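# Coordinate analysis (summary)
If you want the building blocks of each chain, they are given just below.
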Amino acid sequence: MSAFSVQPLIDGKTLPMLLRAGEAGQPLGEALPVLRATIDRYLTDSGGIVFRDFSLGGPDAFRAFAAGFGHPLLTYEFGSTPRSQVTSGVYTSTEYPPHQHIPLHNEQAYTRDWPMKIWFYCMQPALEGGETPIADSRAIYRDMPPAVRERFAEKGVMYVRNYGNGLDVDWQQVFGTDSRSEVEAYCARQDIECEWKEDGELRTRQICQGTAQHPITGDWVWFNQAHLFHVSNLEPEVRESLLDVVEDEADLPRNVLYGDGSTIEDETLSTVRTVLEKHKISFPWQAGDVVMLDNMLTAHARAPFKGPRKVIVAMAEAHRQG
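Counting restarts for each chain: residues are numbered from 1 in the order of the written sequence. The predicted nature of this model means local features are confined to residues of pLDDT at least 70 and side-chain atom pairs, given and counted, to a pLDDT of 80 or more, with totals for whole chains, interfaces and linings taken over all residues. Here the side-chain values reflect all heavy atoms present in the structure, with hydrogen atoms and water set aside.

## Observations regarding the nonpolar core
- Counting 41 residues, the largest nonpolar core has Phe120, Phe152 and Trp222 as its most contacted members.
- Looking at which element gives the most residues to this core, the answer is helix H9 (residues 266–278), with four residues.
- By definition in these notes, contact holds between two residues if any of their heavy atoms fall within 4.5 Å. Apart from residues lying up to four places away in sequence, Phe120 is in contact with Phe62, Trp285, Asp289, Val290, Val291, Leu293, His300, Val311, Ile312 and Val313.
- If you look at the next biggest cluster of nonpolar residues, it comprises 27 residues, including Leu56, Leu73, Val90 and Trp119. By nonpolar core we mean a set of buried residues, namely Ala, Val, Leu, Ile, Met, Phe, Trp, Tyr and Cys, connected to one another through side-chain atoms within 4.5 Å. Using a 1.4 Å probe on the protein chains alone, a residue whose accessible area is under 20% of its type maximum counts as buried, one over 50% counts as exposed, and one in between counts as partly exposed. Working definition: helices are DSSP H or I runs of at least four residues, strands are E runs of at least two. Numbering for both runs from the N terminus.

## Quick look at unusual backbone geometry
- A cis amide bond, omega -5 degrees, links Leu15 with the succeeding residue Pro16.
- Assignment of secondary structure puts Pro16 in the loop between strand E1 (5–8) and strand E2 (17–20).
- A positive phi angle, near 75 degrees, is found at Asp53, a position not held by glycine.
- Structurally, Asp53 can be placed in the loop between strand E4 (48–52) and strand E5 (54–55).

## Some points on the pairing of strand E12 (residues 157–162)
- By the criterion of burial, E12 is predominantly enclosed, with six of the six residues buried.
- Both faces of E12 are covered, namely the face carrying Val157, Tyr159 and Arg161 and the face carrying Met158, Val160 and Asn162.
- Bridge count between E12 and strand E14 (residues 202–208): six bridges; the pairing is antiparallel. Residue pairing in the sheet places Val160 in a bridge with Arg205 of E14.
- By this definition, two strands are paired if DSSP reports at least two bridges between them. Pairing of E12 with strand E17 (residues 254–258), which is carried by five bridges, proceeds in the antiparallel orientation.

## Here's the deal with the state of the cysteines
- Throughout, disulfides are identified as pairs of cysteine sulfur atoms within 2.5 Å of each other. Applying the stated criterion across every chain, the model contains zero disulfides.
- Not part of a disulfide, Cys194 finds its nearest cysteine sulfur in Cys187, a span of 4.1 Å.
- The exposure class of Cys194 is partly exposed, given its relative accessible area of 26%.

## A word on H9
- Taking 1.5 Å per residue as the helical rise, H9 with its 13 residues ought to reach 18 Å, and the 19 Å between its terminal C-alpha atoms agrees with that figure.
- Each element contacted by the buried residues of H9 is listed here: strand E8 (102–105), helix H3 (137–143), helix H4 (146–155), strand E16 (220–222), helix H7 (226–229) and E17. Take the number of residues in a helix, subtract one, and multiply by 1.5 Å to get its expected span.

## Digging into the side chain of Thr211
- As for its position among the elements, Thr211 is in strand E15 (residues 211–213).
- Residues contacting Thr211, with those up to four places away along its chain left out, are Tyr141, Arg149, Ala153, Trp220, Val221, Trp222, Phe223 and Gln321.

## Things to note about the environment of Arg309
- On the secondary structure map, Arg309 appears in the loop between strand E20 (305–306) and strand E21 (310–320).
- Along the chain, Arg309 and Gln124 lie 185 residues apart, while their C-alpha atoms are 5.3 Å from each other.
- Discounting chain neighbours no more than four positions away, the residues touching Arg309 are Ser93, Gln124, Ala126, Gly130, Glu131, Thr132, Trp285 and Arg302.
- We define a polar contact as two N or O atoms separated by no more than 3.5 Å, with the added condition that, inside protein, one atom must be a possible hydrogen donor and the other a possible acceptor, whereas residues neighbouring each other in sequence contribute only through side-chain atom pairs. Among the polar contacts listed, one links the side chain of Arg309 to the backbone oxygen of Gly130, at a separation of 2.9 Å.
- Engagement of the side chain of Arg309 in a polar contact is seen with the side chain of Thr132, the distance being 3.3 Å.

## A look at the sheet that holds strand E9 (residues 113–124)
- With mixed pairing, eight strands are arranged side by side in an open sheet as E1-E2-E4-E18-E9-E21-E7-E6. A strand with exactly one partner marks an edge of an open sheet, and here the two such strands are E1 and strand E6 (85–87). Across the sheet, the axes of successive neighbouring strands diverge by a mean angle of 25 degrees, strand direction being ignored.
- The pairing of E9 with strand E18 (residues 290–294) spans five bridges and is classified as antiparallel. Pairing of Tyr121 across the sheet is with Val290, part of E18.
- Angles shown run from 0 to 180 degrees and are taken between the N-to-C directions of axes, each axis being a line fitted to C-alpha atoms and, for helices, limited to the stretch in contact. Strands in contact with helix H2 (residues 59–67) are E4, E6, strand E7 (90–92), E9, E18 and E21; relative to E9, the strand with the most contacts, it is inclined by about 145 degrees.

Below is the structure:
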């Protein structure tokens, strides 16, 4: 196999690293054994790698490449956004309208179980926009004002979700079942408080981490989705009309509190969003690119786009917060 090269994608930054085929069109799956030691080193050091100029023949080859790291691919269990399965263990990226931003976040940081590794495969870049910005979660943790960081670390975060009613994803889709007893059993295993409301819909509450320590590197990272779940993430007119519909904040499709049930101030989350934005790293997709992230060390986002765009996702190596 021809040699490959590795260097920073962006001058002056170590995130992401660019791992480029020595000869265009080398099959990425076949190259994995040769690349593996380099991937392991740079993924831990930098948090993210872009594979470029390799060939990958569609979703099944992508699945095989991701599975080649030795861990079964994960299902999108207890999901918070609409996705569709492309093939076993491979999903569409979040199916939000193209004009919407998806803010920086670590995948499934709103739970106590999350994938350690996540892959994105760009089958078709958008005509305009559609980047998948990333950010160093270690740097975000260090840069967060100490009072904010300590409050999140000490109190944790309580995520409140109300499913269905045409306002959010149905509980049947989120839990992958029509059985209430199966939902209740899942929630019991995951330390999720669940209640069936009078209208037959479901509400859940779960207290999760605000920060977390990487099990391999020992680094502390900012690791929650409070800024996504909080009502302040909505446009003011959307927030107002939604509160008119549900009347009580407890019935919002999703909201977030500190772990002790106290309110997270809008101003605090404005500070959090400012720090996240400061660390955002954006680069254009090229057709055939694969991005591999350590999901704890690196957050990801999605920029608005125009024209068709196809980016698919795989996740592996489940980790449970102790």
